Amino acid sequence: MILKGTAHKYGKNVDTDVIIPGRYCNLIDPVELGKHALEDLDANFVKKAKAGDLIVADTNFGCGSSREVAAVALKGAGVSGVVAKSFARIFYRNCINTGLPIFECPEGVDGINDGDAITVDADNGVITNETTGKSFKATQFPKFMQDLIAKGGLLRYAEQRLAEKKAAKEGAMHDRAAT
Amino acid sequence: MARPMTLTEKILAAHSGKADVAPGDIISIDLDLVMANELSAAVAITEFRKIKGATKVWDPDKIALVPSHFTPNKDIATATLSTMMRDFAKEQHITHYFEVGRGGIEHVVLPENGFVGPGMTIIGGDSHTTTYGGLGAFATGVGSTDIAAAFATGEMWVRVPPSIKIILEGGLRKYVQGKDLILTTIGRIGVDGAIYGAMEFAGSAIKDLPISGRFTMANMSIEAGAKNGIFPVDAIAEAYCAAVGKKDYTVYHADKDAEYQSVVTIDCSKIEPQVALPWLPENTKNASDLNEITIHQAVIGTCTNGRIEDMRQAAEILKGRKVHPDVRAIVIPGSQKVYKQCVTEGLAEIFIDAGCVVSTPTCGPCVGGHMGVLSEGERCISTTNRNFKGRMGHVKSEVYLTGPYVAAASAVAGHIANPEQLGAPVAV
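Residues numbered from 1 in each chain as written. Chains lettered and ligands numbered in written order. Predicted model: local features only at pLDDT ≥ 70, side-chain atom pairs only at ≥ 80, totals over all residues. Heavy atoms only, no water.

Q: How would you sum up the overall build of chain B? Please name residues and give values.
A: Looking only at helices and strands, chain B features 13 helices and 18 strands. Since a compact globule built from 428 residues should have a radius of gyration of about 22 Å, the 21 Å found for chain B is in line with a globular shape. Overall size of chain B, expressed as C-alpha extent along the three principal axes, is 60 × 50 × 40 Å. Out of the 428 residues in chain B, the part that is buried amounts to 64%. For chain B, the accessible area works out to roughly 14,300 Å², and carbon and sulfur atoms hold 52% of it. In chain B, which carries 39 positive and 46 negative side-chain charges, the distance between the mean positions of the two groups comes to 2 Å. (Helix = DSSP H or I, 4+ residues; strand = E, 2+ residues; numbered from the N terminus. Rg over C-alpha atoms; globule rule 2.2 N^0.38 Å. Buried < 20%, exposed > 50% of the residue type's maximum accessible area, 1.4 Å probe, protein only. Areas by Shrake-Rupley, 256 points an atom, 1.4 Å probe, with all protein chains shown as cover. Lys, Arg positive; Asp, Glu negative; His and termini not counted. Charge placed at Lys NZ, Arg CZ, Asp CG, Glu CD.)

Q: Quick rundown of the sheet that holds strand 1 (residues 2-10) of chain A? Include the residues and the values.
A: Residue and element names in this part refer to chain A. In spatial order, the strands read 4-3-2-1-5-6-7; together these seven strands make up an open sheet with mixed pairing. Looking at strand neighbours, the two that pair on one side only are strand 4 (102-104) and strand 7 (134-137), the edges of this open sheet. For this sheet, the mean inter-axis angle between neighbouring strands, taken without regard to orientation, is 25°. Here strand 3 (residues 81-84) runs beside strand 4; their pairing, made up of three bridges, is parallel. Along strand 4, the bridge assignment pairs Val-83 with Phe-103. (Pairing = 2+ DSSP bridges. Axes fitted to C-alpha atoms, helices over the stretch in contact; angles between N-to-C directions.)

Q: So what about unusual backbone geometry? Which residues, and what values?
A: What is expected of a backbone is that most residues other than glycine have negative phi and most peptide bonds are trans. Residue and element names in this part refer to chain B. In this structure, Pro-72 follows Thr-71 across a cis peptide bond, with omega equal to -10°. Structurally, Pro-72 is set in the loop between strand 3 (63-66) and helix 3 (76-91). Residue Pro-278 is joined to Trp-279 through a cis peptide bond whose omega torsion reads 5°. Along the chain, Trp-279 turns up in the loop between strand 12 (274-276) and strand 13 (284-286). With phi around 55°, His-93 is a residue other than glycine that occupies positive phi space. Mapped onto the elements of the fold, His-93 is located in the loop between helix 3 and strand 4 (96-97). Its identity is not glycine, yet Tyr-175 carries a phi of approximately 75°, on the positive side. With respect to the helices and strands, Tyr-175 occurs in the loop between strand 8 (163-169) and helix 6 (178-189).

Q: Please give an account of the packing of helix 2 (residues 38-48) of chain B against helix 3 of chain B that cites residues and values.
A: Residues and elements named next belong to chain B. It is the contact of helix 2 with helix 3, at a shortest axis distance of 9 Å, that shows an interaxial angle of 60°. On the basis of their axis angle, the class for helix 2 and helix 3 is oblique. The handedness of the crossing between helix 2 and helix 3 is left-handed. Contacts between helix 2 and helix 3 involve Glu-38, Leu-39, Ala-41, Ala-42, Ile-45, Thr-46 and Phe-48 from the first element and Thr-78, Leu-81, Ser-82, Met-84, Met-85 and Phe-88 from the second. Across the contact of helix 2 with helix 3, the residue classes tally to nine nonpolar, three polar and one charged. (Parallel < 35°, antiparallel > 145°, perpendicular 65-115°, else oblique. Left-handed = near helix turned anticlockwise from the far one by under 90°. Contact = heavy atoms within 4.5 Å. Nonpolar A, V, L, I, M, F, W, Y, C, P; charged D, E, K, R; others polar.)

Q: Quick one: what's the story with helix 5 (residues 144-153) of chain B, residue by residue and with numbers?
A: Residue and element names in this part refer to chain B. Counting buried positions along helix 5 yields 10 of 10 residues, so the element is predominantly enclosed. Turning to helix 5, its buried residues number three or more, namely Ser-144, Thr-145, Asp-146, Ile-147, Ala-148, Ala-149, Ala-150, Phe-151, Ala-152 and Thr-153. Looking at the residues trailing helix 5, positive phi occurs at Gly-154, about 75°.

Q: So what's going on with the domain arrangement of chain B? Which residues, and what values?
A: Residues and elements named next belong to chain B. What the domain assignment reports for chain B is domain 1 (7-265) and domain 2 (275-420). Residue-level contacts link 36 residues of domain 1 with 41 residues of domain 2. In this assembly, domain 1 packs against domain 2 so that about 3,000 Å² is buried in total across both faces, 61% of it on carbon and sulfur atoms. The largest share of the area that domain 1 buries against domain 2 comes from Ile-105, Tyr-175 and Lys-179, three residues that together contribute 22% of it. In this structure, Arg-386 and Glu-223 form a salt bridge, with 3.1 Å as the shortest nitrogen-oxygen distance. Applying the counting rule to domain 1 against domain 2 returns 24 residue pairs in polar contact (both at pLDDT 80 or more). Secondary structure elements with two or more residues in the side of domain 1 that touches domain 2: helix 4 (106-112), helix 6 and helix 7 (211-219). Sort the elements by how many residues they give to the side of domain 1 that touches domain 2 and helix 4 lands first, with five residues. The class makeup of the residues in the side of domain 1 that touches domain 2 is 12 nonpolar, 17 polar and seven charged. (Domains from an automatic or database assignment. Buried area = accessible area lost by both parts, 1.4 Å probe. Salt bridge = Lys/Arg side-chain N within 4 Å of Asp/Glu carboxyl O. Polar contact = N/O pair within 3.5 Å; in protein donor to acceptor, adjacent residues only side chain to side chain.)

Q: Tell me about the domain arrangement of chain A, and name the residues and values.
A: Under the domain assignment, chain A is made up of domain 1 (2-140) and domain 2 (152-179). Between the C-alpha centres of domain 1 of chain A and domain 2 of chain A there is a distance of 38 Å.

Q: Give a detailed account of the side chain of Thr121(B), specifying residues and quantitative values.
A: Residues and elements named next belong to chain B. Turning to its location among the elements, Thr-121 is positioned in strand 5 (residues 121-124). Since its relative accessible area comes to 0%, Thr-121 is described here as buried. Of note is the side chain of Thr-121, whose polar atom sits 2.7 Å from the backbone oxygen of Asp-30. Once residues within four sequence positions are removed from consideration, Thr-121 is found in contact with Ile-11, His-15, Ile-29, Asp-30, Leu-31, Asp-32, Leu-33 and Phe-138.

Q: Account for the sheet that holds strand 2 (residues 33-37) of chain B, naming residues and giving values.
A: All names here are of chain B. Spatially, 4-3-2-5-6 is the arrangement adopted by the five strands of the open sheet, whose pairing is parallel. Looking at strand neighbours, the two that pair on one side only are strand 4 and strand 6 (138-141), the edges of this open sheet. Two elements, strand 5 and strand 6, share four bridges in a ladder whose sense is parallel. Across the sheet, Gly-124 pairs through a bridge with Gly-141, a residue of strand 6. Along the sheet, helix 5 contacts strand 2, strand 3 and strand 5; its crossing angle with strand 2, the most-contacted strand, is approximately 135°.

Q: Residues and numbers for the side chain of Lys246(B), please.
A: All names here are of chain B. Locating Lys-246 in the fold gives a position in the loop between helix 8 (235-244) and strand 11 (262-267). No salt bridge is formed by the buried Lys-246; the nearest opposite charge belongs to Asp-248, separated by 7.1 Å. The contact partners of Lys-246, leaving out residues within four places of it in the chain, are Gly-114, Phe-115, Val-116, Gly-117, Met-120 and Cys-241.

Q: Describe the interface of chain A and chain B, listing the residues and the values that go with them.
A: Taken together, the contacts link 40 residues of chain A with 53 residues of chain B. Taking both sides of the interface into account, the surface hidden between chain A and chain B amounts to around 3,900 Å²; carbon and sulfur atoms contribute 58%. The three residues of chain A that bury the most area against chain B are Asn26(A), Arg89(A) and Arg93(A), which together make up 19% of that side's buried surface. Counting every contact that joins chain A to chain B gives five salt bridges. In this structure, the salt-bridge partner of Lys165(A) is Glu155(B), at a minimum N-O distance of 3.5 Å.

See the structure below:
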């Protein structure tokens, strides 16, 4: 998967309250949520962002609330991915679970300015700043998470676990019947 | 032989069927309790329906559903989400569904009903699920899809966090409580100081700290980026369990030679009541140095400080005093039980006589939902846990975080104040 768009650069500790304010957390529709993405951080973001654009931010992106709609709102606004120096842990899980590509890449963040044209080879974690011509390598996801993403996400993984548990239970019953 | 482990590692190993675990391991843990509120549950239920083979939840006795955030429903959109959760609870025969009027704020309700105990694994569709670490449980917040998968399977994948030991030493000054200790800690290590990690609290300053104060501290461990915050289990924790009827729990202790990513030691004997200024919980200062900051609103309550001990602290200050003419003081007991206790102990009367609103339990103002949303330029002193931009309303409003003593004192003074800076109350 190749992601291509303009970088919108922000600082440290971009919290989920500014990604999608609490007052919109009773919305579910991604498009409606997307209309308010980053509203309290950058009121112009939704106006200037085009489909495919990427967020580039410093450390601890997505800190705060567990609201999954934060990841959904960014997707709803057309954001194709987020590059940050580090992510807050619940937001990190939520991105994997909702399919918003994220990339941990401190050097990349320092090497990208607001408005630069960015291309990301998501499968290989290679971030290229087309404006400067420089490329950066993102931290690899642990193998378990790579497999989880490859399988189609957490819900498919849950299905697999349910099937394994069922099989184990039936196996145990079969064993008992045999003895 | 198993490797020496921290308290968090011990619980995670025991719930993953392993002799030991180490930071960075990705393991699947069995869950003892899964919680969601009306906002996180609605999305979780939608996702649960997409899991093939999952027609029933894994265990209806181990799921707790608590309307709490925008309830009593503030608008039609919220009412729709609440109805989704209520219908799901009925359909799945969820044992622990707490209807409005019979529950309150999730993190106050679950412990006081004996659902939380030492050594448990608990996840919740709310970042402040970390609260339950106050009682020695591994508890962490997750998003709705994780909740959906847990509804179906009763398990969750976890990357074992590195543990950070927070040693709090010394006796505490008057008016210094759990909130002041955790704000001091976050001020010291920063809002990403414990990112992906487990904060394990220790030291003489927490030895006599009541469970309510430990809940406050564990609650805000997420504000340092932690996966969980956890307290050792002692006689105070066991007495709490006995009082709320929690039985059948396992007490784990960290091994003496366990490895910690870092150790932070803080001398607490000199700490004064703290306030965190906008826009991050790490911007801490002494309340006594902030007298020039006038306030328009004070909020006392929430999952951080909405327990009876917090209400008593606020009442101690407000008794015989009046809320400043330019301030709205909103007191929100965290649960119906706390609310009733406020009435029977005479605290509700003190609050009303002082000129406070006494609200039904709700997260309302903390999330900028309802019951105290701020307009442009307004400042609120609050016992809540976040002071991010726009958290309580308009993007140009401000939230100052503190404990109940300072919030109540500031409501009286009309500006941020340490209780010691107030004049004597009038005779009553």
